[in-house]
Amino acid sequence: MNLKDRIEMLGKMKSDLAGKDFLLTWEKSEQDLRIIIEVASIIKEMRAKNISPRVFDSGLAISNFRDNSTRTRFSFASASNLLGLAVQDLDEEKSQIAHGETVRETANMISFMSDFIGIRDDIFLGEGNKYMREVGAALDEGFQKGVLPVRPGIVNLQCDMDHPTQSMADLMHLQDVFGSLENLKGRKIVMSWAYSPSYGKPLSVPQGIIALMSRFGMNIELAYPDGYELIPEIVEIAKKNAMQSGGSFSISHSMSNAMKDADIVYPKSWAPYNIMQQRTQLLKTDDKTGLKELEQVCLANNAKFMDWEYNEAKTKITRNQNALYLHCLPADISGVSCKQGEVSSTAFEHYRIKTYQEAGFKPYVIAAMMFTNRFGDPAEALKSILDRNRKRVDL
Amino acid sequence: MNLKDRIEMLGKMKSDLAGKDFLLTWEKSEQDLRIIIEVASIIKEMRAKNISPRVFDSGLAISNFRDNSTRTRFSFASASNLLGLAVQDLDEEKSQIAHGETVRETANMISFMSDFIGIRDDIFLGEGNKYMREVGAALDEGFQKGVLPVRPGIVNLQCDMDHPTQSMADLMHLQDVFGSLENLKGRKIVMSWAYSPSYGKPLSVPQGIIALMSRFGMNIELAYPDGYELIPEIVEIAKKNAMQSGGSFSISHSMSNAMKDADIVYPKSWAPYNIMQQRTQLLKTDDKTGLKELEQVCLANNAKFMDWEYNEAKTKITRNQNALYLHCLPADISGVSCKQGEVSSTAFEHYRIKTYQEAGFKPYVIAAMMFTNRFGDPAEALKSILDRNRKRVDL
Amino acid sequence: MNLKDRIEMLGKMKSDLAGKDFLLTWEKSEQDLRIIIEVASIIKEMRAKNISPRVFDSGLAISNFRDNSTRTRFSFASASNLLGLAVQDLDEEKSQIAHGETVRETANMISFMSDFIGIRDDIFLGEGNKYMREVGAALDEGFQKGVLPVRPGIVNLQCDMDHPTQSMADLMHLQDVFGSLENLKGRKIVMSWAYSPSYGKPLSVPQGIIALMSRFGMNIELAYPDGYELIPEIVEIAKKNAMQSGGSFSISHSMSNAMKDADIVYPKSWAPYNIMQQRTQLLKTDDKTGLKELEQVCLANNAKFMDWEYNEAKTKITRNQNALYLHCLPADISGVSCKQGEVSSTAFEHYRIKTYQEAGFKPYVIAAMMFTNRFGDPAEALKSILDRNRKRVDL
């Protein structure tokens, strides 16, 4: 289908995304998720065809990373730039935030000419998503009381609960590989814990994956060793989603068994929920001894499950011995980035390029989240872009 | 009045701002200050009406912060972006400046494609403003000798003497609240020291306020405990200004007395002038023990004046029990950001949103300083912007 | 010659630069080097005449500095901005690269919407240029396999072997001072070691200078104290170049003798090749004691050659007592930036402004490297820019 027809089709879906932050996929309707993915896909095609989707002549996109990041940072910068916004980092080391300034005040101070704020805050369990909502409430007040000329939209770039730009990029990748979202119905996807020689990895990726993929009729199997639970409420959401979408949801405790007949596998390490709770307390009190001890306990516990590695033997169990491998990257690759890790080097190498392509959807997902936040009728806005025919490389 | 008429009115004032750095408000004529405020206000209205005042297709604005900052940093970034410039940080930790490179050389090296340099240098008394002039002299030489294609303008983003983007934003806020600059005549504004459990806060805000507000016929009362003097020369300037503008200037040593019948109050902590001189010496010699001792002495001294808190009792003394509260933010709010501070939480809460609005003028003040530095006839330039009718959100 | 005619002349040279990284000047044909210099010069004139050569409506230029930098960082930012690209720093402290992520993966992750990557990696001998090629190979793979929509071009912003944006800027400066590249034929240029009270300065500048200037028929004299050799393979390249271009190449061990009848002098400190090899090993093993010891040995050795200072006595030996002084800056100026250094303050002062002008060509060289990487027919592209007549200051 050409761009014009795709945009016309898109116009048949009514968006409820305008003016609303993107914090959790499960707060959005299935149709809204489809709209974002289609807008992302159209913008991707536009850029590939040298059509510039730039809609802002000026404006800032604030990048607020409370944890390290390369790929999400660059994805956010790319999306902002594509739409015409300059990224301004809110670096807490550089700023006065670290010195007791309230979230409420800062949210307004940085937003006089801001159109979007992207936030990563995934270290403290129970805090990250809450922080984003605090920022949102401050922006609401500022906008209502005439402090801010527009209400900047917030994009969750990973919190303690969800990692929606990741899971939506993963979903776009599945759409790309399997041909359509409809083709995902009935597919088995295994979100599996995997061994890693590190600890404290956030829960947001597995949580985000089970909560999102369960919306599209897939059969989800969540596999992890005893004790490596996710946040129970989010598991419940995934269960309910699966039931409603005509898929299924199950939990198991053997990686090998889980992989049986899988169409899609996502082997990735994470820390146990209750450990993350303890860790959050220790981080808050800055208890360095406690943190060291907890790390030792965790690593020792992890070490019991070194056979939770995705490798060729496990690949053979999957459907046609060829399940699609997903990862948010970087993966802990045995013999490459660590001695023994989440995935064997041969299993990873087989899908290495595909994981790069998977990651390549993220900038467009973010751009689509921004675009649909700002334009109530995204199809109409995209049509204007198509009609004006401005070039990205402008010669 | 509509934008077209406002621009026409503006055109009746002849600007002397082109090509001149903005370092101290008292180096500018009253008319030039009025021009900046009107240009800022027009640009603000344009942006609100989705008219893009972007005038640079490319170009850099250098951000040189020698002290921490959130709001001024974002204001500078916003202003630069609005006019079409990309911000490039000159981060002395990243750069070679820290390794003995001369100011003169660096000023030229960063300016081959720069249109503006914003500098914050407020830590060393007797140094910050001097440093800006050194940079300016280096740029003059570079431009005259053909090194630089244009002479980048310098904007003082806070020095040891003045904080002109702050005081001018405050003045715009007063204009907004009281209806016009003319309406400020005869109003009583109290710039008062206030208690804070920290020390070493710069003098530039109170100095900037008394030196600027005295230009517009206000009755200035500067209140502080004995020993908390400002730089004497700047106090003299404020006195002279007040006389010339038909206002008055007085100094007193009781916050409560000072607040009597005040229309506007600005309670804010600062360090005593002579302490700042000692501190500058200690900082220069990196005398950590001396700095610790000085801090102890100062905090002990501060603690004698914990009743210098702006609170409801003091509010009641002001005109109609309702003086406008100003602050450059962040304020030390008792029970919120500290145990006991500059302002009680109820007094602050009453004007919290207004302080946000106050801060919201700063990006436009900076944009106007840049705009009038570059365009000798700002009204004509604004008219071109209005006529071309380019949109900020371009759909 | 006017811009139109210059562009027409340029069009007579066929470029082989499109789609190829700029890593070493000696990998490029003489004609390609001439094309870059002419494109840089045309873009410089355009900007001076307020013609905007912006060709990207959006896009990122990644700045990857593995060593400190002010002037090259700003030059890269300026060039990127002039062409319409936003700079995104890949700061290894902020990113996950430091945590074992492979070069291959990161190169792709940052490049989904990137048009150029500028890399400085000059600390480890045998590593910097190799690293750039690893990045390049990863980008090739990503582009071929559909991960990346375009293959971002790499610009070497200084490596262990060459510093091409510096040497090309120096060459533009010589063209400017002597009137044309042809006028450089038969000129004597002395690349001389000079004393500095620091150690470990990279070899890339002297290597880059002898390898590039030898392409244009100059008589190169490389002068250094015994033991301060450069990488032998690069010296061989310079020799061969000199032979082919009708110039000459010689090595000597006395600064005073070398300066005799010099038209151009480039006195600059560097570390001995074999010391850099030892240092690289010590850095790799993070052997702090070893590094300190090596530094002491080197400084003691340097101190034997404190008379290798370029000063008025040496100036008098040069042609007409007035050789053109070059330096990449910052220079170690005796009595200014150090007690005793590479150049006396009077000798430096005489050419200070000229060294600023020399540095001023760098942003345009970088812009031209990008431009010719992207546009196979740069003359045609420049003609389009001239024809569309877009203004940089757009009023």
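Let us look at the structure shown here. (Residues numbered from 1 in each chain as written. Chains lettered and ligands numbered in written order. Predicted model: local features only at pLDDT ≥ 70, side-chain atom pairs only at ≥ 80, totals over all residues. Heavy atoms only, no water.)

**Thoughts on the environment of C:E312**
All names here are of chain C. For E312, the position within the fold is in helix 12 (residues 312-317). The class of E312 is partly exposed, set by a relative accessible area of 48%. When sequence neighbours within four positions are dropped, the list of residues in contact with E312 reads S344, T346 and A347. (Helix = DSSP H or I, 4+ residues; strand = E, 2+ residues; numbered from the N terminus. Buried < 20%, exposed > 50% of the residue type's maximum accessible area, 1.4 Å probe, protein only. Contact = heavy atoms within 4.5 Å.)

**Focus on the packing of helix 7 (residues 204-213) of chain C against helix 8 (residues 232-245) of chain C**
All names here are of chain C. Axis separation between helix 7 and helix 8 bottoms out at 7 Å; the angle between their running directions is 20°. By the angle class used here, helix 7 and helix 8 are roughly parallel. The handedness of the crossing between helix 7 and helix 8 comes out as left-handed. Of the residues in helix 8, those touching helix 7 at Q207, I210 and A211 are I234, V235, A238 and N241. (Axes fitted to C-alpha atoms, helices over the stretch in contact; angles between N-to-C directions. Parallel < 35°, antiparallel > 145°, perpendicular 65-115°, else oblique. Left-handed = near helix turned anticlockwise from the far one by under 90°.)

**Brief notes about the state of the cysteines**
Under the defined criterion, the tally for this structure stands at zero disulfides over all chains. This cysteine, B:C338, is not joined by any disulfide, and B:C328 carries the nearest cysteine sulfur, 14 Å off. The closest cysteine sulfur to the non-disulfide-bonded C:C298 is located on C:C338, 17 Å from its own sulfur. (Disulfide = S-S within 2.5 Å.)

**Examining the nonpolar core**
One broad rule of soluble globular proteins: the nonpolar side chains tend to lie buried together. Counting residues in each nonpolar core, the largest one holds 394 residues, and the members touching the most others are A:M218, A:F371, A:L382, B:F371, B:L382, C:F371 and C:L382. Setting aside residues up to four positions removed in sequence, B:F371 forms contacts with B:V39, B:I43, B:V55, B:L83, B:P378, B:A381, B:L382 and B:I385. (Core = buried A, V, L, I, M, F, W, Y, C linked by side-chain atoms within 4.5 Å.)

**Here's the deal with the interface of chain C and chain A**
Residue-level contacts link 42 residues of chain C with 34 residues of chain A. Between chain C and chain A, roughly 3,400 Å² of surface is buried when both sides are summed, and carbon and sulfur atoms account for 55% of that area. For the interface between chain C and chain A, the tally reads seven salt bridges. The partner of C:D57 in a salt bridge is A:R390, and the shortest N-O contact between them spans 2.8 Å. The interface formed by chain C and chain A includes 15 residue pairs in polar contact (both at pLDDT 80 or more). Sorting the residues of the side of chain C that touches chain A by element identifies strand 1 (60-65), strand 2 (86-89), helix 4 (103-109) and helix 15 (378-388) of chain C as the ones contributing at least two each. (Buried area = accessible area lost by both parts, 1.4 Å probe. Salt bridge = Lys/Arg side-chain N within 4 Å of Asp/Glu carboxyl O. Polar contact = N/O pair within 3.5 Å; in protein donor to acceptor, adjacent residues only side chain to side chain.)

**A short note on the pairing of strand 4 (residues 153-159) of chain B**
Residue and element names in this part refer to chain B. Most of strand 4 is tucked away, with seven of its seven residues classed as buried. Bridging between strand 3 (residues 114-121) and strand 4 involves five bridges; their strand directions are parallel. By the bridge assignment for strand 4, F116 is matched with G153. In this view, the connection linking strand 3 to its parallel neighbour strand 4 by way of helix 5 (residues 128-144) has right-handed handedness. (Pairing = 2+ DSSP bridges. Right-handed = clockwise from strand over helix to strand, strands pointing away.)

**Comments concerning the sheet that holds strand 6 (residues 219-223) of chain A**
Residue and element names in this part refer to chain A. Strand order in the open sheet formed by five strands is 7-6-5-8-9, and the pairing between neighbours is parallel. Taken across any chain shown, the strands that pair with only one partner, and hence form the sheet edges, are strand 7 (248-252) and strand 9 (324-325). The pairing of strand 5 (residues 188-193) with strand 8 (residues 264-268) spans five bridges and is parallel. Following the sheet pairing, I189 is matched in strand 8 by I264.

**Notes on the environment of C:S29**
Residue and element names in this part refer to chain C. Among the secondary structure elements, S29 is positioned in the loop between helix 1 (3-10) and helix 2 (30-48). Accessibility expressed as a relative area gives 35% for S29, which makes it partly exposed. Between the alpha carbons of S29 and R215 there is a distance of 9.5 Å; along the sequence they are 186 residues apart. Only 3.0 Å separates the side chain of S29 from the backbone nitrogen of D32, close enough to count as a polar contact.

**Describing the packing of helix 10 (residues 273-284) of chain A against helix 11 (residues 288-302) of chain A**
Residue and element names in this part refer to chain A. Two elements in contact, helix 10 and helix 11, have axes whose closest approach is 9 Å; the angle formed by their N-to-C orientations is 160°. As summarised for this structure, helix 10 and helix 11 are arranged roughly antiparallel, according to the angle between their axes. Pair helix 10 / helix 11 crosses with left-handed handedness. Note on element contacts: helix 11 touches helix 10 through G290, L291, L294 and C298, opposite I275, Q278, R279, L282 and L283. Grouping the amino acids of the contact of helix 10 with helix 11 by side-chain chemistry returns six nonpolar, two polar and one charged. (Nonpolar A, V, L, I, M, F, W, Y, C, P; charged D, E, K, R; others polar.)

**Looking at the interface of chain C and chain B**
Opposite the 34 residues of chain C that make contact, chain B presents 42 residues. Carbon and sulfur atoms make up 54% of the surface buried where chain C meets chain B, a total of about 3,400 Å² over both sides. When the area that chain C buries against chain B is broken down by residue, the three leading residues are C:F74, C:Y356 and C:L395, summing to 21%. Taken together, the connections running from chain C to chain B amount to seven salt bridges. If you look at where chain C meets chain B, you find 15 residue pairs in polar contact (both at pLDDT 80 or more).

**Observations regarding the relation of the copies chain C and chain A**
Once chain C has been moved 0.0 Å along the axis and rotated by 120°, it coincides with chain A to within an RMSD of 0.0 Å. The operation mapping one copy onto its partner corresponds to a three-fold rotation axis. The rotation axis passes nearest to the C-alpha of C:A86 in chain C, at a distance of 4.5 Å. (Least-squares fit on C-alpha atoms with pLDDT ≥ 70 in both.)

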